[in-house]
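Inside the fold
If you want the building blocks of each chain, they are given just below.
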Amino acid sequence: MTSFGSHPDRTGRDMFAEAGLAALEDAGVPAADVDELFYGNFVGTLSEGQGHQGPLMAEALGTTAPSRRIESACASSGVAVRDAVRAIRSGEADVVVAGGMERMTNMGTAGATKGLAGAADDLYEVRSGVTFPGAYALMARAYFDEYGGSHEDLAHIAVKNHDNALVNDHAHLQQEITVEEALGAPEIASPFTLYDSCPISDGASALVLTSPEYADEHDLEANVAITGAGHGGDTMALHDRQSLSKTPATRDAAEEAYDDAGVDPSDIAIAEVHDCFTIAEVLALEALGLYSHGEAIGAARRGETRRDGELPVNLSGGLKAKGHPVGATGAAQVAAIATLLDGTHPRADAVDDDATVGVAQNAGGTVASATVHVLEVME
Amino acid sequence: MTDVTNGEYDAFLDALAEGEGYYLVCENDHGLLPPRRACPHCGDRDLTERDLPASGEIVTHTTVFVPTPQFEDDAPYVTAVVDFDGVRLTGVVRGIDQADVEIGDRVTATVESNETTDEQTIVFRPAE
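What you see as residue numbers is a count from 1 along each chain, following the sequence as written. Whichever chain is written first is A, and whichever ligand is written first is 1; the rest continue in order. Where local features are concerned, this predicted model is filtered to residues with pLDDT of at least 70; where side-chain atom pairs are given and counted, the filter is 80 or more; whole-chain, interface and lining totals use all residues.

- Chain B goes by ChsH2 C-terminal OB-fold domain-containing protein in an unreviewed UniProt entry, where it is assigned to Natrinema hispanicum.

- With an unreviewed UniProt entry as reference, chain A is termed Acetyl-CoA C-acetyltransferase, source organism Natrinema hispanicum.

See the structure below:
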């Protein structure tokens, strides 16, 4: 992946080239062997006026292999990875690149806020004043009402994820914050302040995925495999859902991925979850079955999800501090789990030596789309 | 562009503005907003119109300080989801001090102009 951050003057094609070429080199796979590209991107037609980005990004990798741009809002590259896994499993492809790119800071805060709001229902939500932080704020308030919890609980999540990113040189924000600073930051959408929200970031990520047969034949060093994949859906608008404090799309994706991999939540040692806003980490941990409903709100405050806790969550810094170049996020989460399990991530020292299973959860909109991938260390 | 409408959405707003709000309901009692040809919860296509109750209850709300450009002059404003006993609507809350908006408040739904763009917006005001 590229460094995530503010790169308003970098073209999307150059960022994706940097991430994709590095991934191919790291995997030891030539561009000529790539059968297909699964590329995630959300607002490229707005930010760069560029449609039909699939072939453009394949070219950037040195190939004219067939490609497609997948748009599922913030879950765009999670869905790209999911579909790439399917392509390999179907036997139709041996080598695929799955990743994504987003260029957003060139749009300015107002432009990016408008672009991101496109992940909600334009007619019945955006025209009623819903912003993206506002939508998650609506969920946070509903969660507090149903289960309890406070803004201070959420602040502990932000502090934890900022702390995790301090050693991650690819992270957008390498800045230590305190609970007091988080609570006292400018308000965005009550109960959220600035530090409940991920930054607006630019960046790209890419994974090279191969069939086990290709990896064997070419003696690739593949120590970690995606063993489970799942994809869930829900209604676009929050008001059409039965509960505003639960995210069944993640639950469904998790059940599918766990069944696929043959694992239980209790097997999972580390998780990268979609914390675009602090409450989203809570909703994800509960939908993933790692916590009961109403319990994950206090997990960071109690220390359980910190890097010295029982279940380290978002060791990369999460979207909160690593950054959230929307279309690049899902694949970057999978890359984080792979390198954490492989021992090559800067926070790998926080992963127990006997840890073999990690999970990555990516969400689109207010979780109208969700993907879950289970990764395991290969014997 | 100005003459172009969003079909049933605009028709719904016009009805709401006249105090004749309605919603759609499927055979399994799932409440929906137009246009719908099928229920997303159960797939049922036999949707019928029902009158929107006169008032509903706020189930969640937020005060938005960083708006999209189309609400620039409105911010800060309160957006809420309101349960009308069968269907839920999202809109902007007016007529209650922002700090005093609470879950459980009873409100009515109407349509008023957005301050920034003059666009028609679903608005909730305190029920009598």
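From this point on, the discussion continues.
**What to know about the overall build of chain B**
- Across its full length, chain B holds one helix and eight strands.
- Counting helices and strands in the order they occur from the N terminus, chain B gives α-β-β-β-β-β-β-β-β.
- Overall, chain B is about 40 × 40 × 25 Å in size when its C-alpha atoms are taken along their principal axes.
- Residue burial here comes from a neighbour count, namely the number of other C-beta atoms, placed from the backbone, that lie within 10 Å of the residue's own C-beta, with 20 or more meaning buried, 12 or fewer meaning exposed, and in between meaning partly exposed. Looking at the 128 residues of chain B, the share that counts as buried comes to 34%.
- For every residue pair, C-beta atoms are placed from the backbone, and the pair is scored as a contact if these atoms sit within 7 Å. Long-range pairs, those at least 24 residues apart, make up 48% of the contacts in chain B with a sequence separation of at least 6. Runs of E in the DSSP output that reach at least two residues are strands. Runs of H or I that reach at least four are helices, and both are numbered from the N terminus.

**Focus on the environment of Asp83(B)**
All names here are of chain B.
- Tracing the backbone shows Asp83 in strand β5 (residues 77-83).
- Between the alpha carbons of Asp83 and Asp29 there is a distance of 14 Å; along the sequence they are 54 residues apart.
- Ignoring sequence-local partners within four residues, the contact set of Asp83 consists of Gly56, Glu57, Val59 and Arg88.

**Digging into the UniProt feature "domain: ChsH2 C-terminal OB-fold" (unreviewed entry) in chain B**
- UniProt positions are given in the numbering used here, feature names are shortened, and annotations may be inferred rather than shown by experiment. As recorded in UniProt, the feature "domain: ChsH2 C-terminal OB-fold" (unreviewed entry) lies at residues 50-111 of chain B.
- In residues 50-111 of chain B, the share of helix is 0% and the share of strand is 48%. The end C-alpha atoms are 19 Å apart.

**A short note on the UniProt feature "domain: Thiolase N-terminal" (unreviewed entry) in chain A**
- In the numbering used here, UniProt assigns the feature "domain: Thiolase N-terminal" (unreviewed entry) to residues 4-211 of chain A.
- Taken end to end, residues 4-211 of chain A comprises 43% helix and 14% strand; its first and last C-alpha atoms sit 29 Å apart.

**With respect to the interface of chain B and chain A**
- Facing 28 residues of chain B, the contacting portion of chain A comprises 29 residues.
- Looking at the side of chain B that touches chain A element by element, the count peaks at six residues for strand β4 (residues 56-64) of chain B.
- Among the residues making up the side of chain B that touches chain A, the classes are represented as 16 nonpolar, 10 polar and two charged. Residues are grouped as follows: Ala, Val, Leu, Ile, Met, Phe, Trp, Tyr, Cys and Pro are nonpolar; Asp, Glu, Lys and Arg are charged; every other residue, Gly included, is polar.

**Examining the sheet that holds strand β7 (residues 224-233) of chain A**
All names here are of chain A.
- If DSSP finds at least two bridges between two strands, the strands pair. Strand order in the open sheet formed by four strands is β7-β10-β9-β8, and the pairing between neighbours is mixed. The open sheet has two edge strands with one neighbour each: β7 and β8 (270-272). Each strand axis lies, on average, 15° off the axis of its neighbour in the sheet, ignoring direction.
- Relative to strand β9 (residues 357-364), β8 is paired through three bridges, and the arrangement is parallel. Following the sheet pairing, Glu272 is matched in β9 by Ala360.
- Only the contacting stretch of a helix is used when fitting its axis, a line to C-alpha atoms as for every element, and angles between N-to-C directions run 0 to 180 degrees. Against the sheet, helix α14 (residues 329-342) contacts β7, β8, β9 and β10 (369-377), and its axis sits at roughly 170° relative to β9.

**Some thoughts on the UniProt feature "domain: Thiolase C-terminal" (unreviewed entry) in chain A**
- Within this structure's numbering, the places UniProt gives as "domain: Thiolase C-terminal" (unreviewed entry) are residues 232-376 of chain A.
- Secondary structure across residues 232-376 of chain A comprises 32% helix and 14% strand; the distance between its end C-alpha atoms is 21 Å.

**A short note on the sheet that holds strand β1 (residues 22-25) of chain B**
Residues and elements named next belong to chain B.
- Overall, antiparallel pairing links the three strands, which are arranged β2-β1-β3 in an open sheet. Of all the strands in the sheet, the pair left with one neighbour each is β2 (31-32) and β3 (48-51).
- As defined by bridge partners, β1 adjoins β2 across two bridges and the pair is classed as antiparallel. Bridge pairing links Leu24 to Leu32 in β2.

**Side note on the domain arrangement of chain B**
All names here are of chain B.
- Where each domain begins and ends follows an automated or database-derived domain assignment. Its domain assignment divides chain B into domain 1 (1-52) and domain 2 (54-128).
- Centre-to-centre, using C-alpha coordinates, domain 1 lies 19 Å away from domain 2.
- With 10 residues of domain 1 in contact, the opposing surface of domain 2 contributes eight residues.
- Among the elements of the structure, α1 (7-17), β1 and β2 are those that each provide at least two residues to the side of domain 1 that touches domain 2.
- Tallying contributions element by element places α1 first for the side of domain 1 that touches domain 2, with three residues.
- Broken down by class, the residue content of the side of domain 1 that touches domain 2 amounts to eight nonpolar, two polar and no charged.

**Digging into helix α4 (residues 76-89) of chain A**
Residues and elements named next belong to chain A.
- By this rule, a helix spans an expected 1.5 Å times one less than how many residues it contains. For α4, spanning 14 residues, the distance from its first C-alpha to its last is 20 Å, which sits close to the expected 20 Å at 1.5 Å a residue.
- Of all the 14 residues making up α4, 10 are buried; the element is thus mostly covered by neighbouring parts of the structure.
- Listed as buried for α4 are Ser76, Ser77, Gly78, Val79, Ala80, Val81, Arg82, Ala84, Val85 and Ile88.
- A positive phi of about 90° marks Gly91, the residue just after α4.

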